Amino acid sequence: MISPEYLSENSKIALVAPARKISREEIKHAVDWIKNKGFTPVYDERLFAEYHQFAGDDGFRAAVLQDYLDRDDIDAIFCVRGGYGTIRIIDKLDFTEFEKNPKWIVGYSDITVLHAKMQQLGYQSIHATMPINFQSNTKEALDSLYDALTGNWRLPDSLSGNEKTPDNPEIVGGNLSVLYSMLGSDLFPDTDGRWLFIEDLDEYLYHIDRMMTALKRAGKLAQLKGLIAGAFTQMHDNSVPFGMTAKEIIMEKVKEYDYQVIWDFPAGHIDDNRAIVF
């Protein structure tokens, strides 16, 4: 995998909204953080466009992101928030100029689509918190993002017993629901021989089972190097209980395989959303 150049003083970070709309107030803490770290935030009025729940219609959002992908003076792109919408524009984007001057793509949740595209093209990206969350993020989460941007990142020790995560692991994945939406397409990452990271938010337990079963039936779980399960927050159940927790559902799907499973990794829809270099 090709690593974009790490950031240094005065590196330019573009703020882009490829999915849901955002306000000035919601990015204020992130803009301050970027400046305090010695970087330069880059955005304009296009960031605050509105089209129903989206930050502009599909063509508009694609055009704004395309602009920053093409610019050779931009060093990283922070996706300001998730929600839904990135998959609606991914096929409108041209990465020809990006590959001449690759830059770090940063985000999580709906931004799993862009991470998948980076993996398809052979570039590293950063699964990490986004500007809308900076105000509530832990110091550890923001420090890990800075470390990833500047080349000082390492995956922290696992929280599962005495086992430790491997050095320099090759990790793919992201939000389970978004991965599920790409299953069967050219965007779904190659999981064979790699660590798969998954997390999710606000899902019914039976849907977690449905998605994990689909990944298993598609052969995406059998040849993993290992599985990293992040936060599964705000899970829901039906009036007739499903009968298993998210952790138990995931374990049922992978228990027959001979690889390490790391539970409760601090990444996903939580304040302590640590960066992972994909």
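Conventions adopted
- Residues numbered from 1 in each chain as written.
- Predicted model: local features only at pLDDT ≥ 70, side-chain atom pairs only at ≥ 80, totals over all residues.
- Heavy atoms only, no water.
- Helix = DSSP H or I, 4+ residues; strand = E, 2+ residues; numbered from the N terminus.
- Contact = heavy atoms within 4.5 Å.
- Buried < 20%, exposed > 50% of the residue type's maximum accessible area, 1.4 Å probe, protein only.
- Salt bridge = Lys/Arg side-chain N within 4 Å of Asp/Glu carboxyl O.
- Core = buried A, V, L, I, M, F, W, Y, C linked by side-chain atoms within 4.5 Å.
- Pairing = 2+ DSSP bridges.
- Right-handed = clockwise from strand over helix to strand, strands pointing away.
- Axes fitted to C-alpha atoms, helices over the stretch in contact; angles between N-to-C directions.
- Arc of directions from axis to C-beta.
- Patch = residues over 30% accessible without salt bridge, like charges linked within 9 Å, V, L, I, M, F, W, Y side chains within 5 Å.
- Areas by Shrake-Rupley, 256 points an atom, 1.4 Å probe, with all protein chains shown as cover.
- Phe/Tyr/Trp six-rings, centres within 6.5 Å; stacked < 30°, edge-to-face > 60°.

Points about the side chain of Arg 61
The residue Arg 61 is located in helix α2 (residues 58-70) in this model. Other than its neighbours up to four places away in sequence, Arg 61 contacts Ala 17, Pro 18, Ala 19, Phe 54, Ala 55, Gly 56, Gly 85, Arg 88 and Ile 89.

Considering helix α5 (residues 112-121)
The periodicity of an α-helix, 3.6 residues per turn, causes residues three or four places apart in sequence to face the same way. Within α5, eight of the 10 residues are buried, which leaves it mostly tucked inside the rest of the structure. Following α5 by one or two positions, Gly 122 has its phi on the positive side, about 95°.

Observations regarding the pattern of salt bridges
Side chains that carry opposite charge are capable of pairing whenever their charged atoms lie near each other. Going through the model one piece at a time under the given rule, you end up with 17 salt bridges. Measuring nitrogen to oxygen at the nearest pair gives 3.6 Å for the salt bridge that ties Lys 21 to Glu 50. Taken as a pair, Lys 21 in the loop between β1 (12-16) and α1 (24-36) and Glu 50 in the loop between β2 (40-42) and α2 lie far apart in primary sequence, 29 residues in all. A residue is classified by how much of its surface remains accessible, and Lys 21, at 30% relative accessible area, is partly exposed. Among the salt bridges present, the one from Glu 26 reaches Arg 81, with a minimum N-O distance of 4.0 Å. In this pair, Glu 26 is assigned in helix α1 and Arg 81 in the loop between β3 (76-79) and α3 (86-89), connecting sequence segments 55 residues apart. The class for Glu 26 is partly exposed, based on a relative accessible area of 33%. Residues joined by salt bridges that share partners form a network here, namely Lys 12, Arg 71 and Asp 73.

So, the nonpolar core
Within the largest apolar cluster, 52 residues are counted, with the highest numbers of intra-cluster contacts made by Ile 77, Leu 196, Ile 198, Leu 221 and Leu 227. Contacts of Ile 198, omitting those with residues within four sequence positions, involve Gly 174, Leu 176, Leu 179, Met 212, Leu 227, Ile 228, Ala 229, Gly 230, Phe 232 and Ile 250. In this structure, Phe 78, Val 106, Leu 149 and Ile 228 belong to the second largest nonpolar core, which totals 39 residues.

Notes on the pairing of strand β4 (residues 104-107)
Because side chains alternate across β4, one face comprises the buried residues Trp 104 and Val 106, and the other comprises Ile 105 and Gly 107, equally buried. Where β3 and β4 come together, three bridges link them in parallel fashion. Its bridge partner lying in β4, Ile 77 is registered against Ile 105. Relative to strand β5 (residues 126-127), β4 runs parallel, the two being bridged by two bridges. Within β5, the residue paired with Gly 107 across the bridge is His 127. In this region the chain leaves β4, passes through α5 and returns to the parallel neighbour β5; the handedness of that crossover is right-handed.

Section: the sheet that holds β4
Taking strand neighbours across the sheet as the criterion, the six strands line up as β2-β1-β3-β4-β5-β10 in an open arrangement whose pairing is mixed. The two strands at the open ends of the sheet, each matched to only one other strand, are β2 and β10 (276-277). Where β5 meets β10, two bridges bridge the pair, whose relative direction is antiparallel. Bridge assignment links Ile 126 to a residue of β10, and that residue is Val 277. Contacting β1, β2, β3 and β4, α2 crosses the sheet at an angle of about 165° to β1. Its contacts with the sheet put α5 on β3, β4 and β5, and the angle it makes with β4 is roughly 150°.

Remarks on the environment of Gly 219
Looking at the element boundaries, Gly 219 is found in the loop between α8 (205-217) and β8 (226-233). In the structure, Gly 219 is positioned 28 residues away from Thr 191 in sequence and 9.1 Å away in space, judged by C-alpha atoms.

Digging into helix α9 (residues 246-254)
Turning to α9, its buried residues are Ala 246, Ile 249, Ile 250, Lys 253 and Val 254. Taken end-on, α9 shows its buried residues confined to a sector of 120°, consistent with a single buried face. For α9, the secondary structure elements touched by its buried residues are β7 (195-201), α8, β8 and β9 (260-262).

Some points on a nonpolar patch on the surface
On the surface, a nonpolar cluster with roughly 260 Å² of combined accessible area is contributed by Tyr 204, Tyr 206 and Phe 242. Assignment of secondary structure puts Tyr 204 in the loop between β7 and α8. Since its relative accessible area comes to 37%, Tyr 204 is described here as partly exposed.

Some points on the packing of aromatic side chains
Counting across every chain of the model gives 11 aromatic pairs. Judged by centre distance (5.9 Å) and plane angle (85°), the rings of Phe 95 and Phe 98 are edge-to-face. Its relative accessible area of 6% is what places Phe 95 among the buried residues. Given the relative accessible area of 0%, Phe 98 is considered buried.

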